[in-house]
Amino acid sequence: MQRFFAENLFDGKTIKNNQIITVEAGIIHSIEPAAAQDNAIQLNGLVAPGFVDVQVNGGGGVLFNNQPSLETLMTMSRAHQRFGSTAMLPTLITDDFATMQQAANAVSAAIAQNVKGIVGIHFEGPHLSQPKKGIHPSQHIRQISPEEMALFKRTDLGLVCVTLAPENVSIEVITELVQANVIICLGHSNASAEQTFAALQAGAQGFTHLYNAMSPLQSRAAGMVGAALVDASSYCGLIVDHEHVDMTSCQLAIKCKTPERIMLVTDAMSHVGSDQTELQFAGMQINREGNKLTIEGGRLAGSALDMASAVRHCVEDLHCSMQDALKMASATPATFLGMQQQKGYLAPGYAADWVVLTEQYHVNATYIAGEQVFG
Ligand SMILES: [Zn+2]
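Residues numbered from 1 in each chain as written. Predicted model: local features only at pLDDT ≥ 70, side-chain atom pairs only at ≥ 80, totals over all residues.

**A look at the overall build of the protein chain**
Part 1: The secondary structure content of the protein chain amounts to ten helices and 21 strands.
Part 2: A compact globule built from 375 residues should have a C-alpha radius of gyration of about 21 Å, and the protein chain, at 20 Å, falls within 12% of that.
Part 3: Seen along its three principal axes, the alpha-carbon backbone of the protein chain occupies a region of about 60 × 45 × 45 Å.
Part 4: Once local pairs closer than 6 in sequence are excluded, the contacts in the protein chain between residues at least 24 apart make up 68%. (Helix = DSSP H or I, 4+ residues; strand = E, 2+ residues; numbered from the N terminus. Rg over C-alpha atoms; globule rule 2.2 N^0.38 Å. Contact = placed C-beta atoms within 7 Å.)

**Quick notes on the environment of T196**
Part 1: Secondary-structure assignment places T196 in helix α5 (residues 193-201).
Part 2: Taking C-alpha positions, T196 is 39 Å from V47, a pair spaced 149 residues apart along the chain.
Part 3: Not counting the four nearest positions on each side in its chain, T196 is found in contact with P166, L186, A191, M224 and A227.

**Overview of the sheet that holds strand β5 (residues 51-56)**
Part 1: Spatial strand order, β5-β8-β9-β10-β11-β12-β13-β14: eight strands in an open sheet with parallel pairing. What marks the edges here is a single partner per strand, and that holds for β5 and β14 (262-264).
Part 2: With three bridges connecting them, strand β8 (residues 85-93) and strand β9 (residues 120-124) associate as parallel partners. Paired with I93 across the bridge in β9 is E124.
Part 3: Along the sheet, helix α7 (residues 247-257) makes contact with β13 (235-238) and β14, crossing β13 at roughly 160°. (Pairing = 2+ DSSP bridges. Axes fitted to C-alpha atoms, helices over the stretch in contact; angles between N-to-C directions.)

**As for the packing of α5 against helix α6 (residues 223-230)**
Part 1: Close contact between α5 and α6 brings their axes to 7 Å; oriented N to C, the two are set at 45°. The angle between α5 and α6 places the two elements in the oblique class. Judged by the twist between their axes, the crossing of α5 over α6 is right-handed. Along the contact surface, α5 presents A193, T196 and F197, while α6 presents G223, M224, G226 and A227.
Part 2: Per-class residue counts for the contact of α5 with α6 are four nonpolar, three polar and no charged. (Parallel < 35°, antiparallel > 145°, perpendicular 65-115°, else oblique. Left-handed = near helix turned anticlockwise from the far one by under 90°. Nonpolar A, V, L, I, M, F, W, Y, C, P; charged D, E, K, R; others polar.)

**Comments concerning the pairing of strand β11 (residues 183-186)**
Part 1: Of the two faces of β11, the one carrying I183 and C185 and the one carrying I184 and L186 are both buried.
Part 2: Running through helix α4 (residues 171-179), the crossover from strand β10 (residues 159-164) to the neighbouring parallel element β11 is right-handed.
Part 3: Viewed along the sheet, the connection from β11 through α5 into strand β12 (residues 206-207) turns out right-handed. (Buried ≥ 20, exposed ≤ 12 C-beta atoms within 10 Å, placed from the backbone. Right-handed = clockwise from strand over helix to strand, strands pointing away.)

**Brief notes about the environment of S219**
Part 1: Tracing the chain through its elements places S219 in the loop between β12 and α6.
Part 2: In this structure S219 comes out as exposed when scored by C-beta crowding, with 5 C-beta atoms within 10 Å.
Part 3: The spacing of S219 and D267 is 48 residues in sequence and 29 Å in space, taken between C-alpha atoms.

**Here we look at the packing of helix α1 (residues 70-81) against helix α2 (residues 97-112)**
Part 1: Two numbers describe how α1 lies on α2: the axes approach to 8 Å, and their chain directions differ by 65°. The orientation of α1 with respect to α2, classified from their angle, is roughly perpendicular. The handedness of the crossing between α1 and α2 comes out as right-handed. Counting all contacts with α1, which are made through L70, T72 and L73, the residues of α2 involved are A106, V107, A109 and A110.

**What to know about the sheet that holds strand β4 (residues 41-49)**
Part 1: Strand order in the open sheet formed by seven strands is β3-β2-β1-β4-β19-β20-β21, with mixed pairing between adjacent strands. Two strands in the sheet have a free side with no partner beyond their single neighbour: β3 (27-33) and β21 (371-374). Adjacent strand axes in the sheet meet at a mean angle of 40° when their direction is disregarded.
Part 2: In the sheet, β4 pairs with strand β19 (residues 354-357) via four bridges, with the strands oriented antiparallel.

**Digging into the pairing of strand β15 (residues 278-281)**
Part 1: The side-chain alternation of β15 yields one buried face, formed by L279 and F281, and one unburied face, formed by E278 and Q280.
Part 2: Bridge count for β15 against strand β16 (residues 284-289) is four bridges, and the pairing is antiparallel. If you follow F281 over to β16, its bridge partner there is M284.

**Brief notes about the nonpolar core**
Part 1: One finds V162, L238, M263, L264 and V311 to be the most contacted residues of the largest nonpolar core, which totals 123 residues.
Part 2: In terms of residue count, α2 provides more of this core than any other element does, six residues in total.
Part 3: In this structure L238 touches L210, V245, C250, A253, I262, M263, L264 and V265, once residues within four positions along its chain are discounted. (Core = buried A, V, L, I, M, F, W, Y, C linked by C-beta atoms within 7 Å.)

**Things to note about the domain arrangement of the protein chain**
Part 1: Domain annotation of the protein chain identifies domain 1 (2-48 + 349-374) and domain 2 (51-336).
Part 2: Here domain 1 and domain 2 have C-alpha centroids that lie 29 Å from each other.
Part 3: Taken together, the 13 residues of domain 1 in the interface contact 18 residues of domain 2.
Part 4: Of the residues forming the side of domain 1 that touches domain 2, the biggest block, three residues, is contributed by strand β20 (residues 363-368).
Part 5: Among the residues forming the side of domain 1 that touches domain 2, the class breakdown is eight nonpolar, four polar and one charged. (Domains from an automatic or database assignment.)

**Quick look at α7**
Turn by turn, an α-helix covers 3.6 residues, leaving residues three or four places apart pointing in a common direction.
Part 1: Looking only at α7, the buried set comprises C250, A253, I254 and K257. Considered in projection along α7, the buried side chains sweep an arc of 95° and stay on one side of the axis. Facing away from the buried surface of α7 by more than 90 degrees, the exposed residues are T248 and K255.
Part 2: For α7, the elements touching its buried residues are α6, β13 and β14.
Part 3: Just past α7, the residue T258 takes up positive phi, approximately 75°. (Arc of directions from axis to C-beta.)

Pasting the structure below:
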C-alpha cells in the first residue's frame, strides 16, 4: 500500500485540506483527513484529477499520422504527461485506409500492453465535409465504406471515437456505429442545425473543436454551432489557446453548455513537449510562431497547446473558477468517454491518476496508477 499526503486536494467536486491518499495496485483505496504528513510521500502543490484529452494528434516531436506506431504513442503520452495528461485519445487526422489500419494496430498494441495514458483512439475523419476540411487532405475525404465500418467496430482498440460530418454520413450508419459503442462526434461539417439535431437524435454525443471548422451561428441559420450550444446533453471540445476561439465565444459556450459539458482539448500537433518549429504533413509545411501553427496562407493547423495551459487560460482569461477549469480538463471528458467510475475524480475505487499543480497551474508532478511519470 502506497501512502501520499496532499495539503491541498481537489477531488473533482470539492477542495479538501490535509488528506492522506492510500493506493493499492494503482487504485485509490482511501482518502482521509490527517493531522500531519505521517511519513507519507509529500505531494507539493494542488493535487487534482489527471487531465483527460480526447483530441491529441501528436507530441514530443512526433505526429501520429506520420508514424502510426506503438513507439509514437509512447512518445506522445510521455510528452503530454509533462503537462498533466493522464489519459488521452491519440487522434488520427483524415488519411488513407492503410494508415488508419496501422494507427488502429498501434493503439491495439498499446491497449494490450497497458501503455500508460492511452485509452483508445479518435479517428478525426475521413468522412468529413470538403468545405470545412481545415487542413485535412482533400484527396482522402470520402464516403464511408464497409472496411472503415469494420475498423471502427473493432473491439481491441479501447474507446473508439469518430468525428464525422452528418451531411456526409447517413443516420442509419450513425445509428449502427452508436450501437457498436463507437462514440460519435460531429465536426468539420457544414450541416444545418436540423441535420445536426437528427444526428444527435441518432446517438451522436459530442462536437469536435466547437466553433472551428463547422457551420456558424447566424441570424436565420443556427448552423452546427447553434445546435451544439442549445443542446443540453451533448459534449463540446474547446481549444482555449487564444488562437482558435475568441475569449468571449469561449465564455458563451461555457455559459450555454456549463462546465459539465465543455471539454478542454489540446488538438496538439507534434510540437507539444518539443522545440520543433516546422512539421511536414500530407505535403504541407506547418510552421510554428509562438503558440500558433499555420500552413502557407495562414490557415490554422492544429495547436501547440497543452492541457495545463488550457486550464490556466480558463482561470486567467475566461475568469472560470479553479474548480470549473479543472472539471473541464478531467471530470467532464472522463464522463463523456463513459469512464466516470474510473477517472476524472479522486475517490476510493478510482484510478490513482493525478496532477500536482503550482499556484499558476504549472505541473510539478504527474502520477498514473500511483506511479510518478513526471516531476
Ligand atoms: Zn480538426
